[in-house]
Amino acid sequence: MNSLALPDVASQLNSYQDTPLKLVGMQGIALPIRLAGQPLNAYVDAGVSLDKSKARGIHMSRLYLALEALEDQELTVPLLNEVLDCFLDSHSDLSTTAHLSIKGDVLFKRPALLSQLAGWKAYPFEVNAIRSGQETRITVKLDIGYSSTCPCSAALARQLIQKQFNKDFAGKDLQHAELHDWLGSSQGIVATPHSQRSTATLTVHLAEQYNKEFPLLVLLERVESALGTALQTAVKRVDEQAFALANGQNTMFCEDAARRIHQALLEEICVQGFHLRIAHMESLHAHDAVAESAWNWGNQK
Ligand SMILES: Nc1nc2c(ncn2[C@@H]2O[C@H](COP(=O)(O)OP(=O)(O)OP(=O)(O)O)[C@@H](O)[C@H]2O)c(=O)[nH]1
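Small disclaimer: the values here were computed from a predicted structure and weren't measured.

Analysis parameters
- Residues numbered from 1 in each chain as written.
- Predicted model: local features only at pLDDT ≥ 70, side-chain atom pairs only at ≥ 80, totals over all residues.
- Heavy atoms only, no water.
- Helix = DSSP H or I, 4+ residues; strand = E, 2+ residues; numbered from the N terminus.
- Pairing = 2+ DSSP bridges.
- Axes fitted to C-alpha atoms, helices over the stretch in contact; angles between N-to-C directions.
- Near = heavy atom within 4 Å.
- Polar contact = N/O pair within 3.5 Å; in protein donor to acceptor, adjacent residues only side chain to side chain.
- Areas by Shrake-Rupley, 256 points an atom, 1.4 Å probe, with all protein chains shown as cover.
- Nonpolar A, V, L, I, M, F, W, Y, C, P; charged D, E, K, R; others polar.
- Parallel < 35°, antiparallel > 145°, perpendicular 65-115°, else oblique.
- Left-handed = near helix turned anticlockwise from the far one by under 90°.
- Contact = heavy atoms within 4.5 Å.
- Expected span 1.5 Å × (residues − 1).
- Buried < 20%, exposed > 50% of the residue type's maximum accessible area, 1.4 Å probe, protein only.
- Arc of directions from axis to C-beta.

(A) Local environment of unusual backbone geometry. The phi angle at Ala36 is positive, at roughly 50 degrees, despite the residue not being glycine. Mapping Ala36 onto the fold places it in the loop between strand S1 (21-35) and strand S2 (38-50). Here Asn296, not a glycine, exhibits a phi torsion of approximately 55 degrees, which is positive. Counting through the fold element by element, Asn296 comes out in the segment after strand S8 (289-295).

Dropping the structure here:
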């Protein structure tokens, strides 16, 4: 039997009622791509709408093959648009909307706070694109880890230190050397505040005129500098001490983190709208503290 004789079920008539489908496609296709100059193993979801309600199915293989354009190429907005064009061109009789989603972990080399060290950090990302007619909506989702020290716990710890100071030094002449030693001891600094590993998940809608490579590094640098306490990679004690200082000077409730990032993203010109979700994985509680914020976002999550 040659290929011409193979039955083509997808092109048969739909035997169900006339029901167009919002999205039909494939999920979790493995694909090697490049992002921010790094090769990475991505997972891709590809789909189109099935508007022709009498058609039985779409042509999955045409979507799959269109993804070849992304193989080992730097992922850019024009390249993404090319693939979406191909999805719609190959389904011109069936579909008016095309969907493409690419996820993975992008690695960036991040410098230590003070020493010359640097190390790799993984940032989970997701690029989502929907083409409807001439309009393409592209969003970039990025998880950024940081440390948050509880401001309430810091104030409570300071109060305990003051109490201890009153107990140890009430009515005494203050001697510089004695006080210096006291400050360096756990009998003096009797309490420490708690910190937690925290995550900011931002989803940004890229400005329509943005037409280049994906601005992941730009976004994460803006967010990390707004927070001041990014998770570190390689550290020596000198870096760890700088991290302790950064945490002490940047104590944060989840609300504070959400507001800092919100303000920082408003300054980013490649962003047309955003949604952000903050999660502080509490060390005081067995549950998380969360906050959300959005700008120019509508009702979507
Ligand atoms: N539409 C559809 N196809 C599926 C599904 N699951 C598996 N497939 C298979 O995807 C394969 C590729 O489909 P097509 O793109 O229509 O393949 P084709 O008819 O050889 O290719 P064209 O000639 O370009 O239409 C077929 O073998 C389908 O059976 C499904 O749920 N829906």
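After that view, the rundown keeps rolling.
(B) A look at the sheet that holds strand S6 (residues 195-206). If you trace the eight strands from one edge of the open sheet to the other, you get S1-S2-S3-S4-S5-S6-S7-S8, paired in antiparallel fashion. The open sheet has two free edges, formed respectively by S1 and S8, since each of these has just one partner strand. The mean angle between the axes of side-by-side strands here comes to 15 degrees, regardless of whether they run parallel or antiparallel. Of the strand pairs in this sheet, strand S7 (residues 271-280) and S8 are connected by seven bridges, and their pairing is antiparallel. The residue bridging His275 from the neighbouring strand is Ala294, located in S8.

(C) Layout of the site of the ligand. In the vicinity of the ligand, the residues found are Asp8, Ile58, His59, Met60, Ser61 and Arg62. With respect to the ligand, the side chain of His59 contributes an N or O atom lying 2.8 Å from an oxygen atom. The separation between an oxygen atom of the ligand and a polar side-chain atom of Ser61 is 2.6 Å. Look at the ligand: alone it shows 650 Å² of surface, and the protein chains cover 42% of it. Taken together, the residues of the shell around the ligand sort by class into two nonpolar, two polar and two charged.

(D) The arrangement of the packing of helix H5 (residues 216-227) against helix H7 (residues 254-266) in detail. With their axes 9 Å apart at the nearest point, H5 and H7 run at an angle of 135 degrees to one another. In terms of their interaxial angle, H5 and H7 are classed as oblique. The element H5 and its partner H7 pack so that their crossing is right-handed. Along the contact surface, H5 presents Leu219, Arg222, Val223, Ala226 and Leu227, while H7 presents Ala257, Arg260, Ile261, Ala264 and Leu265. Here the contact of H5 with H7 is built from residues that sort into eight nonpolar, no polar and two charged.

(E) Broad picture of helix H3 (residues 151-169). With 19 residues, H3 ought to run about 27 Å at 1.5 Å a step, and its terminal C-alpha atoms sit 26 Å apart, in line with that. Those residues of H3 that fall on the buried side of the exposure criterion are Pro151, Ser153, Ala154, Ala157, Ile161, Gln164 and Phe169. Along H3, the residues classed as buried sweep out an arc of 150 degrees about the axis, all on the same side. Exposed side of H3, more than 90 degrees from the buried face: Gln162, Lys163, Asn166 and Lys167 are the residues found there. Contact partners of the buried residues in H3: strand S5 (135-149), helix H4 (176-183) and H7. Backbone geometry just after H3 places Gly171 at a positive phi near 75 degrees.

In short, shape yes, function no, at least from these values alone.
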